[in-house]
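Reading the structure
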Protein chains: 2
Amino acid sequence: MLKMEELSKTEETYLERIYDLTKEKGYANVVDIAMALNVKPPSVTEMLQKLEKHNLVNYERYRGVTLTKKGEVLAKSLEQFHGTLRRFFEILGVDKTIADEDACEIEHSIHHETIEKLTKFLKFIQESPKHPKWLEHFRYYEKTGRYRCRETE
Amino acid sequence: MLKMEELSKTEETYLERIYDLTKEKGYANVVDIAMALNVKPPSVTEMLQKLEKHNLVNYERYRGVTLTKKGEVLAKSLEQFHGTLRRFFEILGVDKTIADEDACEIEHSIHHETIEKLTKFLKFIQESPKHPKWLEHFRYYEKTGRYRCRETE
DNA sequence: TAATAAATTTAGGTAAACCTAACATATAAG
DNA sequence: CTTATATGTTAGGTTTACCTAAATTTATTA
């Protein structure tokens, strides 16, 4: 699997934004990255230089940025896990905006093993033949604190 | 609910360690906190001064530390959520050590709403009359990628 | 009780990630 | 094609959380 240990959480966050912008426009520019991350342009420039050192972006002063192959692979796997987390929180009934924010926070701080188990768990509950009923039961429990069906086993 | 927004993640982490040590020995001292958090004593002293400013600990130079009421209430709720997260990861099949580390990382970075939903979800799956069977099915799915029972609904 | 050892604090320094203000380059408009 | 505006970069500064080395205080023990 990918070695992400060497990247800081912040680097990963920038990488994802660059990936998103690149998907939209074919490249990413400083102002847009800054807006997306709620920071000022000089912070972006600084980070781009660091990302380039790590061979994650192709960066030319005063020109836009694109991801290297390595950067893209990493960004994709980050985004995939971000999605997993977000969907999981939404299933739990967390508000969409908050689910997204929390996914964003968490995706950079947990072990790969946990990511994998969570992904499998989400697939399990989403693809389960019992999925719709099961979810209804949870929603009911969530509101009332009681189990809808009492039959055991 | 508690306003945690004003505390940094690091402050919360120290608070929890102090809480643990206090439960064990009645108070916490600098060396033990430093060991538990894998930092050097001067970092602890610095943080204790900060925690005192926030009225979370009773701190006297060269003497030990104890939590204030405010600090204790906060530490308790942090620890409770830590436990919830850890148990959840363990249910998913994550290794105990990793589950604990990840719980520790996450507990300081997500919204209260998410914490609450997760807690309810954990109660739901743990107290469910179907709990043991349900878990078996997940473990089976986790290993084989297939659902054990095929009956729908 | 004086001397040594252990624990704690202070002083001063580093790295990451941010900022503002000033400067440089690129783009667009006259 | 030159100037005005956009965008991007550099220089230098801040904050947080860490560090080492050098005091200082407390505890131990000879």
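As a starting point, this report considers the structure included with it. Keep in mind the model is a prediction, meaning the values are calculated, not measured.

Thoughts on the protein's contact with DNA strand C
In the neighbourhood of DNA strand C, 20 residues make up the surrounding shell, with S8(A), K40(A), N29(B), V30(B) and P42(B) lying closest. Of the residues that constitute the surface near DNA strand C, the class distribution is 10 nonpolar, six polar and four charged.

Structural notes on the packing of helix α2 (residues 30-37) of chain B against helix α3 (residues 41-53) of chain B
All names here are of chain B. Here α2 crosses α3 at 110°, and the two axes come no closer than 8 Å. Relative to α3, the element α2 is oriented roughly perpendicular. From α2, V30, V31, I33 and A34 reach across to α3, where they touch P41, V44 and T45. Here the residues of the contact of α2 with α3 are counted per class, giving six nonpolar, one polar and no charged.

Things to note about unusual backbone geometry
All names here are of chain B. Positioned with a positive phi, N55 is a non-glycine residue whose angle comes to about 60°. Topologically, N55 is positioned in the loop between α3 and β1 (57-59). In this structure, Y62 is a non-glycine residue whose phi angle is positive, near 70°. Inspection of the secondary structure assignment puts Y62 in the loop between β1 and β2 (65-67).

Some thoughts on the protein's contact with DNA strand D
Residues in contact with DNA strand D amount to 19 residues; listed here are only the nearest, N29(A), V30(A), P42(A), S8(B) and T10(B). Taken together, the elements giving at least two residues each to the surface near DNA strand D come down to α2 (30-37) and α3 (41-53) of chain A together with α1 (9-25) and α3 of chain B. It is α3(B) that provides the largest number of residues to the surface near DNA strand D, a total of four residues. Looking at the surface near DNA strand D, its residues break down into nine nonpolar, six polar and four charged.

Describing the relation of the copies chain A and chain B
Screw-axis analysis of chain A against chain B gives a translation of 0.0 Å along the axis, an RMSD of 0.0 Å, and a rotation angle of 180°. The two molecules are tied by a two-fold rotation axis, judged by turn and shift. Scanning chain A for the C-alpha nearest the rotation axis identifies I106(A), at a separation of 3.1 Å.

What to know about the interface of chain A and chain B
Contact residues are listed per partner, giving 32 residues for chain A and 32 residues for chain B. With seven residues, the single largest contributor to the side of chain A that touches chain B is helix α6 (residues 112-127) of chain A. Its residues assigned to classes, the side of chain A that touches chain B shows 13 nonpolar, six polar and 13 charged.

Regarding the environment of L135(B)
Residues and elements named next belong to chain B. Tracing the chain through its elements places L135 in helix α7 (residues 131-144). By C-beta crowding, L135 is classed as partly exposed, having 15 other C-beta atoms within 10 Å. Sequence separation of L135 and D20 is 115 residues, and the distance between their C-alpha atoms is 31 Å.

Looking at the packing of helix α4 (residues 69-91) of chain A against α6(A)
Residues and elements named next belong to chain A. Taken N-terminus to C-terminus, the directions of α4 and α6 make an angle of 50°; their axes are 10 Å apart at the nearest point. Taken together, the axis directions place α4 and α6 in an arrangement best described as oblique. Considering only the axes of α4 and α6, their crossing is left-handed. Of the residues in α6, those in contact with F81, T84, R87 and F88 of α4 are I115, L118, T119 and L122.

Examining the environment of Y62(B)
The class for Y62(B) is exposed, based on 6 C-beta atoms found within 10 Å. As for Y62(B) and S43(B), which are separated by 19 residues in sequence, their C-alpha atoms are 15 Å apart.

Brief notes about the nonpolar core
If you look at the biggest cluster of nonpolar residues, it comprises 60 residues, and the most contacted ones within it are L15(A), I18(A), L15(B) and I18(B). If near-sequence neighbours (up to four positions away) are discounted, I18(A) is found in contact with A28(A), I33(A), V57(A), V65(A) and L67(A).

The rules behind the values
- Residues numbered from 1 in each chain as written.
- Chains lettered and ligands numbered in written order.
- Predicted model: local features only at pLDDT ≥ 70, side-chain atom pairs only at ≥ 80, totals over all residues.
- Near = placed C-beta within 6 Å.
- Nonpolar A, V, L, I, M, F, W, Y, C, P; charged D, E, K, R; others polar.
- Axes fitted to C-alpha atoms, helices over the stretch in contact; angles between N-to-C directions.
- Helix = DSSP H or I, 4+ residues; strand = E, 2+ residues; numbered from the N terminus.
- Parallel < 35°, antiparallel > 145°, perpendicular 65-115°, else oblique.
- Contact = placed C-beta atoms within 7 Å.
- Least-squares fit on C-alpha atoms with pLDDT ≥ 70 in both.
- Buried ≥ 20, exposed ≤ 12 C-beta atoms within 10 Å, placed from the backbone.
- Left-handed = near helix turned anticlockwise from the far one by under 90°.
- Core = buried A, V, L, I, M, F, W, Y, C linked by C-beta atoms within 7 Å.

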